[in-house]
Amino acid sequence: MVVQESQDTKLTHSDSVSPSQQNRSNTSLSQFSGNSQHFTSNENIYYEPEEYTETDFLLPNQLYGRSRLTRSPQPKDANVSGAPEESICSMVVQILVPFLLAGLGTVSAGILLDIAQSWEVFQEITEILILVPAVLGMKGNLEMTLASRLSTAVNAGKMDSPREKWMLIAGNLALKQLQATVLGLLASLMASLLGWMAEGQMPFNHIMLLCSTSVSTAFVASLLQGIVMVGVIIGSKRIGINPDNVATPIAASFGDLITLALLIRAITWSELYPYVLYLVNLSFLCLIPAWVAASSKHPASEILLHTGWEPIIIAMLISSIGGVILDKTVLDPNLAGIIVYAPVINGVGGNLVSIQSSRISTHLHLKYSPGQLPEGRQSCSNPWHTFFGSGANHRSAKILLLLVIPGQLIFLHVIHLIKGGHTLPSPLFTIAFLFASLIQVLILLCMADCLVHCLWRRGKDPDSYSIPYLTALGDLLGTALLSIAFLMLWCIGDPGSV
């Protein structure tokens, strides 16, 4: 948590500055407000609206080292801003519990997907498997991004005021519902296009089924998970836990399971009551103007309403490519077993990299002005620096990487127990799976270190941009590496179990 200046300190500082400095401070405050409403202290003052950037509303105004009018970023005062130092023990404990919960959620999703793939509708409409990674990827695009933004807001003291807190939450939830509705429609259209390109045909009733199930699943899942996410953030703040460590993995803990269960249920209903589901989805689409209006109530969400579409749409396209790989792999009877493990490897990689991305983003928001990097730091550094540099985020990168092997061993054992416990994964399969997961997380953590700093240097908010890209790349990397592992095991004749 950021230690805020006391009210007396602020008043004393205000009395000691010159009138010209007070004018500059007032102007900066007007830029921070996000609209033409006045600020009230002892009298009402009216300010003209100014142009904003993505990072303007994430921090209290006093955290900037210099007025934004100067446009020259300066380091923030370490005595004014800065999260408390975390011990390695507390960091591990805060990360481990939600990480295990998230892993169990992805294991459950994998088992559910394995059961559902044998259903007639999945056999008839294979494009559903192309849609699955894109729909599950919305967890990274929307829920984890919301968790990262609100975690930064908590650490920066932006949720100390009840009115500001609920305005920020309401604006972000409305924006998320809007993005979920649009992304659900785009994901279904992308799955239909990729299916048509692969098969050479795409019946219209299949397109309608994909669109209706995707939109309804995205809308309901986003609403449920958004409410849970807000509760987690507020609860973390009250009990003194760093939300960066727990919010994003808890956002993913049962996100995959809930989303996949809703998708399968929607597919079932679309076959039984297609026209009812069409009307429900039409009503969801009709709510778009209302979500747009609600998103405009807070300056931060209003900015993202105009600038926040690029990362989530590109991430959806990347996840869809991973869906094509999954679809083609599952169609081969010798490689069909991949469907149980794909949500696990993708979910674990996305969960771990989202924690690191959120931590680095919060550190930059608290310590540096937008566009400025730590002294001697380039946007991208070598992998050695990512894991062996000095600082809490370098320690967390090592911890996250070390969690991969024991975590995946636990999840493999849980899958073995859920499937009846009759067969154990073969030693070669276990080694191949662990190696693929380790390579995936290693690449993702290095990319997170590079991408977050690069976005910050360009004045982009990493909370809104980095996690969609990283989780989508995690889906693509995980599916591709796992497919290669299964293919190699099949080529050498390993059955995958003993």
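All of these numbers come straight from a predicted model, not from anything done at the bench.

Asks: Any chance you could explain the overall build of the protein chain here in plain terms?
Replies: Looking only at helices and strands, the protein chain has 19 helices and 2 strands in total. For the protein chain, with 498 residues in total, the buried portion stands at 54%. Expressed as a percentage of contacts within the protein chain between residues at least 6 apart in sequence, the contacts between residues at least 24 apart total 84%. Accessible surface computed for the protein chain: about 21100 Å², of which carbon and sulfur atoms make up 65%.

Asks: Can you walk me through the nonpolar core in this structure?
Replies: Counting 83 residues, the largest nonpolar core has Phe 122, Ile 128, Leu 260, Tyr 341, Phe 433 and Leu 482 as its most contacted members. With residues near it in sequence (within four places) discarded, Leu 260 still touches Ala 109, Leu 112, Leu 113, Val 132 and Leu 136. If you look at the next biggest cluster of nonpolar residues, it comprises 16 residues, including Ala 147, Leu 150, Met 159 and Leu 168.

Asks: How do you make sense of helix α17 (residues 404–418) when you look at a structure like this?
Replies: An α-helix turns once every 3.6 residues. As a result, residues three or four positions apart point the same way. Under the 1.5 Å per step criterion, the end-to-end length of α17 is 21 Å for 15 residues, consistent within 8% with the ideal 21 Å. The set of residues buried in α17 consists of Val 404, Gly 407, Gln 408, Phe 411, Leu 412, Val 414, Ile 415 and His 416. Against the buried residues of α17 lie α3 (88–116), α14 (338–367), α16 (392–402) and α18 (427–457).

Asks: Explain the packing of aromatic side chains here, please?
Replies: For any two aromatic rings, the description comes down to two numbers: the centre-to-centre distance and the angle of the planes. Applying the stated criterion to the full structure yields 11 aromatic pairs. Pairing Trp 119 with Phe 122 gives two aromatic rings, centres 6.5 Å apart and planes at 80°, and the pair type is edge-to-face. The class of Phe 122 is buried, set by a relative accessible area of 4%. The interplanar angle of 10° and the centroid separation of 4.0 Å between the aromatic rings of Phe 219 and Phe 284 together place this pair among those described as stacked.

Asks: Sorry, what's going on with the packing of helix α6 (residues 162–199) against helix α11 (residues 288–295) here?
Replies: Each pair of packed helices can be summarised by the angle the axes make with each other and by the distance between the axes. Two elements in contact, α6 and α11, have axes whose closest approach is 8 Å; the angle formed by their N-to-C orientations is 145°. α6 and α11 meet at a crossing whose hand is left-handed. Residues Gly 171, Ala 174, Leu 175, Gln 177, Leu 178, Thr 181 and Val 182 of α6 pack against Ile 288, Trp 291, Val 292, Ala 294 and Ser 295 of α11. Its residues placed into classes, the contact of α6 with α11 shows 8 nonpolar, 4 polar and no charged.

Asks: Which parts of the structure should I look at to understand the packing of α3 against α16?
Replies: Two elements in contact, α3 and α16, have axes whose closest approach is 11 Å; the angle formed by their N-to-C orientations is 50°. As judged from the angle between their axes, α3 and α16 are oblique. The handedness of the crossing between α3 and α16 is right-handed. Packed against α3, whose contacting residues are Ile 88, Met 91, Val 92 and Ile 95, the element α16 presents Ala 392, Arg 395, Ser 396, Ile 399 and Leu 400 at the interface. Taken together, the residues of the contact of α3 with α16 sort by class into 7 nonpolar, 1 polar and 1 charged.

Asks: Would you explain the environment of Ile 227 in this entry?
Replies: Structurally, Ile 227 can be placed in helix α7 (residues 204–239). Remark: the alpha-carbon pair of Ile 227 and Leu 173, spanning 54 residues in sequence, is separated by 8.2 Å.

Asks: Whenever I open this one, the environment of Leu 455 confuses me. Can you help?
Replies: Structurally, Leu 455 is set in helix α18. In sequence terms Leu 455 and Pro 370 are 85 residues apart; their C-alpha atoms lie 9.4 Å from each other. With residues near it in sequence (within four places) discarded, Leu 455 still touches Lys 460, Pro 462, Tyr 465 and Ser 466.

Asks: Hey, could you run me through α14 in this one?
Replies: Between its terminal C-alpha atoms α14 stretches 43 Å, which fits the 44 Å expected from 30 residues at 1.5 Å a residue. Judged by how many residues are buried, α14 sits mostly within the fold: 28 of 30 residues are covered.

Asks: Just to check I follow, could you spell out the side chain of Ser 483 for this structure?
Replies: Note on placement: Ser 483 falls in helix α19 (residues 462–491). In this structure Ser 483 comes out as buried when scored by relative accessible area, which is 10%. Here the side chain of Ser 483 touches Thr 479 through a polar contact of 2.7 Å, landing on its backbone oxygen.

Asks: Explanation requested: the side chain of Ser 358 in the structure shown.
Replies: Position of Ser 358 relative to the elements: it lies in helix α14. In contact with Ser 358, not counting residues within four places along its chain, are Ser 148, Ser 151 and Asp 244.

Asks: Could you clarify how one ought to interpret the pattern of salt bridges in this entry?
Replies: Pairs may arise between side chains of opposite charge once their charged atoms sit close together. One pass over the structure, following the stated rule, counts 4 salt bridges. Lys 158 serves as the salt-bridge partner of Glu 164, at 3.6 Å between the closest nitrogen and oxygen. Its salt-bridge partner being Glu 199, residue Lys 328 comes within 3.8 Å of it at the nearest N-O pair. Taken together, the residues Lys 328 in helix α13 (residues 309–331) and Glu 199 in helix α6 connect sequence positions 129 residues apart. Since its relative accessible area comes to 42%, Glu 199 is described here as partly exposed.

Asks: I tried to follow a nonpolar patch on the surface on my own but got confused; where do I start?
Replies: Taken together, the side chains of Leu 96, Val 97, Leu 101, Leu 104, Val 220, Leu 224, Phe 254 and Ile 258 define a hydrophobic patch exposed on the protein surface, amounting to about 580 Å² of accessible area. Per-element accounting of the nonpolar patch gives the leading share, 4 residues, to α3. By the element assignment, Leu 104 lies in helix α3. By relative accessible area, Leu 104 is classed as partly exposed at 34%.

Asks: I keep staring at the environment of Ile 267 and nothing clicks. Help me out?
Replies: Inspection of the secondary structure assignment puts Ile 267 in helix α9 (residues 255–272). Looking at Ile 267, the relative accessible area reads 1%, which means it is buried. The spatial distance from the C-alpha of Ile 267 to the C-alpha of Phe 122 is 9.3 Å, given a sequence separation of 145 residues. The contact partners of Ile 267, leaving out residues within four places of it in the chain, are Val 121, Phe 122, Ile 128 and Thr 213.

Cut-offs and rules
Residues numbered from 1 in each chain as written. Predicted model: local features only at pLDDT ≥ 70, side-chain atom pairs only at ≥ 80, totals over all residues. Heavy atoms only, no water. Helix = DSSP H or I, 4+ residues; strand = E, 2+ residues; numbered from the N terminus. Buried < 20%, exposed > 50% of the residue type's maximum accessible area, 1.4 Å probe, protein only. Contact = heavy atoms within 4.5 Å. Areas by Shrake-Rupley, 256 points an atom, 1.4 Å probe, with all protein chains shown as cover. Core = buried A, V, L, I, M, F, W, Y, C linked by side-chain atoms within 4.5 Å. Expected span 1.5 Å × (residues − 1). Phe/Tyr/Trp six-rings, centres within 6.5 Å; stacked < 30°, edge-to-face > 60°. Axes fitted to C-alpha atoms, helices over the stretch in contact; angles between N-to-C directions. Left-handed = near helix turned anticlockwise from the far one by under 90°. Nonpolar A, V, L, I, M, F, W, Y, C, P; charged D, E, K, R; others polar. Parallel < 35°, antiparallel > 145°, perpendicular 65-115°, else oblique. Polar contact = N/O pair within 3.5 Å; in protein donor to acceptor, adjacent residues only side chain to side chain. Salt bridge = Lys/Arg side-chain N within 4 Å of Asp/Glu carboxyl O. Patch = residues over 30% accessible without salt bridge, like charges linked within 9 Å, V, L, I, M, F, W, Y side chains within 5 Å.

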